[in-house]
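What the coordinates show
Below, each chain spelled out in residue letters.
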There are 2 protein chains.
Amino acid sequence: MNRNEGERKTSWKQDPEGVKADILAVATSVFAEAGFSGARIDEIIRRTKTSKRMIYYYFGDKSGLYSKVLEAAYARLRKGEDQLDLQALPPLEALAKLAAFTFDFHRNNPEYIRLITIENIHHGKHLKQSETIPKLNSQIIIGLEDLCRRGIEDGTFRDDVDPLELHWTISAFCVFNISNRATFSHLYGDDLFTDAGQERLRARLVSMALDMVRLR
Amino acid sequence: MNRNEGERKTSWKQDPEGVKADILAVATSVFAEAGFSGARIDEIIRRTKTSKRMIYYYFGDKSGLYSKVLEAAYARLRKGEDQLDLQALPPLEALAKLAAFTFDFHRNNPEYIRLITIENIHHGKHLKQSETIPKLNSQIIIGLEDLCRRGIEDGTFRDDVDPLELHWTISAFCVFNISNRATFSHLYGDDLFTDAGQERLRARLVSMALDMVRLR
DNA sequence: AACAGAATGTACCAAAAGGTTAATTTGTCA
DNA sequence: TGACAAATTAACCTTTTGGTACATTCTGTT
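Residues numbered from 1 in each chain as written. Chains lettered and ligands numbered in written order. Predicted model: local features only at pLDDT ≥ 70, side-chain atom pairs only at ≥ 80, totals over all residues.

1. A few points about the overall build of chain A
Applicable threshold: Per the convention used, a helix needs a DSSP run of H or I reaching at least four residues, while a strand needs a run of E reaching at least two, with both numbered from the N terminus. Three exposure classes are used, based on other C-beta atoms lying within 10 Å of a residue's own C-beta, which is placed from the backbone: buried for 20 or more, exposed for 12 or fewer, and partly exposed in between. Two residues form a contact once the distance between their C-beta atoms, set from the backbone, is within 7 Å.
A count of helical and extended segments in chain A gives 10 helices and 0 strands. Projected onto its principal axes, the C-alpha coordinates of chain A cover approximately 70 × 50 × 35 Å. Going through the 216 residues of chain A one by one, you find that 36% of them count as buried. Taking the intrachain contacts of chain A between residues at least 6 apart in sequence as the baseline, contacts between residues at least 24 apart amount to 73%.

2. Details of the protein's contact with DNA strand D
Convention followed: Whether a residue is near a molecule or strand depends on its C-beta atom, placed from the backbone, lying within 6 Å of it. Each residue receives one of three labels: charged for Asp, Glu, Lys and Arg, nonpolar for Ala, Val, Leu, Ile, Met, Phe, Trp, Tyr, Cys and Pro, and polar for the others, Gly being one of them.
Near DNA strand D you find 25 residues, and of these Ser-11, Ile-41, Asp-61 and Lys-62 of chain A together with Arg-53 of chain B are the closest. Among the elements of the structure, α2 (41-46) and α3 (52-59) of chain A together with α1 (16-34) and α3 (52-59) of chain B are those that each provide at least two residues to the surface near DNA strand D. At 4 residues, the largest contribution of residues to the surface near DNA strand D is made by α3 of chain B. Looking at the surface near DNA strand D, its residues break down into 8 nonpolar, 5 polar and 12 charged.

3. Re the protein's contact with DNA strand C
Around DNA strand C lies a shell of 23 residues, among which Ser-51 of chain A together with Ser-11, Ile-41, Asp-61 and Lys-62 of chain B are the nearest. Looking at the surface near DNA strand C, the elements that each hand over two or more residues are α1 (16-34) and α3 of chain A together with α2 (41-46) and α3 of chain B. In terms of residues, the surface near DNA strand C owes the most to one element, α3 of chain A, which gives 4 residues. Of the residues that constitute the surface near DNA strand C, the class distribution is 8 nonpolar, 5 polar and 10 charged.

4. Side note on the relation of the copies chain A and chain B
Heads up, the rule is: Copies are brought into register by a least-squares superposition over C-alpha atoms of residues with pLDDT of at least 70 in both.
The two copies are related by a screw operation: chain A maps onto chain B through 180° of rotation and 0.0 Å of translation along the axis, at an RMSD of 0.1 Å. On the angle and the small slide along the axis, the relation comes out as a two-fold axis. Here 100% of the interface residues in chain A have copies in chain B that are interface residues too; the copies meet face to matching face.

5. Here's the deal with the interface of chain A and chain B
Taken together, the contact pairs 38 residues of chain A with 38 residues of chain B. Only α6 (110-121), α7 (132-153), α8 (163-179), α9 (181-188) and α10 (195-213) of chain A provide two or more residues apiece to the side of chain A that touches chain B. Counting residues per element, the side of chain A that touches chain B draws most heavily on α8 of chain A, at 9 residues. Each residue belonging to the side of chain A that touches chain B can be placed in one class, and the counts come to 17 nonpolar, 13 polar and 8 charged.

6. Re the confidence of the model for chain A
In low-pLDDT regions, the fine details of the predicted coordinates are not to be read closely. Where we set the bar: As a per-residue measure, pLDDT reflects the predictor's confidence and takes values from 0 up to 100.
Within chain A, residue pLDDT values average 93, and 95% of them lie at 70 or more. Low confidence marks residues 1-10 of chain A, where pLDDT is under 50. Its contacts with residues over four positions away, or in another chain, come to 0 contacts.

7. A closer look at helix α10 (residues 195-213) of chain B
All names here are of chain B. Definition in use: In a helix, the anticipated span is given by 1.5 Å times the number of residues less one. The directions from the helix axis to the C-beta atoms are what the arc is built from.
Given a rise of 1.5 Å per residue, 19 residues ought to cover 27 Å, and the 28 Å separating the end C-alpha atoms of α10 matches this to within 8%. Among all positions of α10, only Leu-201, Arg-202, Leu-205, Ala-209, Met-212 and Val-213 are buried. All buried residues of α10 fall inside an arc of 100° around its axis, so they share one side. For α10, exposure combined with an orientation more than 90 degrees from the buried face picks out Ala-196 and Glu-199. Residues of α10 that are buried make contact with α5 (91-108), α7 (132-153) and α8 (163-179).

8. Some remarks on the environment of Leu-86 of chain B
Residue and element names in this part refer to chain B. If you trace the backbone, Leu-86 turns up in the loop between α4 (62-82) and α5. Residue classification places Leu-86 among the partly exposed positions, given that 19 C-beta atoms sit within 10 Å. Placed 44 residues apart in sequence, Leu-86 and Asp-42 show a C-alpha to C-alpha distance of 44 Å. Beyond its immediate sequence surroundings of up to four residues, Leu-86 is in contact with Ala-94, Lys-97, Leu-98, Gly-143 and Leu-147.

9. Overview of unusual backbone geometry
With a phi angle near 55°, Asp-85 of chain A is a residue other than glycine that sits in the positive phi range. Structurally, the position occupied by Asp-85 of chain A is in the loop between α4 (62-82) and α5 (91-108). The residue His-123 of chain B is not glycine, and still its phi comes out positive at about 60°. With respect to the helices and strands, His-123 of chain B occurs in the loop between α6 (110-121) and α7.

10. With respect to the environment of Ala-25 of chain A
All names here are of chain A. Mapped onto the elements, Ala-25 comes out in helix α1. Since 14 C-beta atoms lie within 10 Å of it, Ala-25 is described here as partly exposed. As for Ala-25 and Val-69, which are separated by 44 residues in sequence, their C-alpha atoms are 8.0 Å apart.

11. Quick look at the packing of α5 of chain B against α7 of chain B
Angle between the axes and distance between the axes: these two values describe a pair of packed helices. Residue and element names in this part refer to chain B. How we decide: Angular values range over 0 to 180 degrees, each being the angle between N-to-C directions of two axes fitted as lines to C-alpha atoms, with helices fitted over their stretch in contact.
The contact between α5 and α7 brings their axes to 9 Å, and the two run at 150°. Along its contact with α5, which presents Pro-91, Ala-94 and Leu-95, the element α7 presents Leu-147, Arg-150 and Gly-151. Each residue belonging to the contact of α5 with α7 can be placed in one class, and the counts come to 4 nonpolar, 1 polar and 1 charged.

Below you can see the structure in the form of structure tokens.
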């Protein structure tokens, strides 16, 4: 029986997981919005159903909270890629799909990219403390290595293709598109950030990725 | 015991320009190091020869100081490009030179890129207040437009090449290389950030840029 | 029902941080 | 030279902010 559904609360209920999730979701927005130092604990609490005490109860301090936020962001960022099922496609198609997907996914989830950018401003010091994040990210490289190996074997890829360089290039393209949008569009106009402009950039990325691996 | 150090200065020279320059230089480092909100006025002053009051005397407040820092960063970033004298070279060579130069320059001046990244975290709000920065940056586009026109005219460039897309791509590559170095190298290793790795990336950028404009 | 321990809310605090006041020194020009 | 403005210093102030003490409520177990 579920006794917790939709009841009017005059006083509070115990719900550790719900509280944690609430804080984490709000904190993600606030950190992504204002950066680590710019984010205000009081602002996070204001947008939350819970009280300030809970942050320190569950996350220790501001840094602890931020670390969990970052961890969750990386997890969701990589989760999408896992579902692409690249093994099912021929190498060139798989690469095209991966590049296009990454472009769209980052575009649709700018908060995650902003958090990573913020983490870089802080020299990756929270990332260095994380146990889980490196494991998550090695998956994408393993997937790309596999993809490249298949491509080389079936003769569609050059044999000196480097999976890491490929990942770097795709990331550069997709991340810059989000992380530097504010300054770029202000200085050079919005043309590349309209739907049409973004489609051109995505097509550009795909063709660049394919050119990197294809035989001359 | 030293009577001159740590004691109140009984005599000093008036040097407005020197003081301003000193503050600006130190502030550039501190903001680039810690971000806008993370930077501490007291830390800037500590590294300076002058006193706290001078920041407010010359720059108004923290935001005003940061705006000037950002302005100076953009100015120095673009100044290099002006000296490239791209008009003197054939279009393809000029483009190769520009791409390679941009890559090296950003690599050698990471502080400027960090400041731009920080500005993006703050949604470009300081940039929007600047009168001079947009003018500086339109120069690079004008230069690229000229370069593309020459390339199309002499038949080495495709006729649908887009100078803005070209600039975007070069920027994405060069900026990402700096702005995301901390997280990328921690997750995927340092291989691409050794001298050899950086040379490969630069060569990759140049060939990508040329591929974008060259006839098929 | 009573108890213990986990979960939560309220009120509060100490320190950090940005900013200001007021006084002092230096330069300039009649 | 002396008055007045510009430049500079040191000490001080106010607000913000991350963090905490303590009381209270809930919930599973005996």
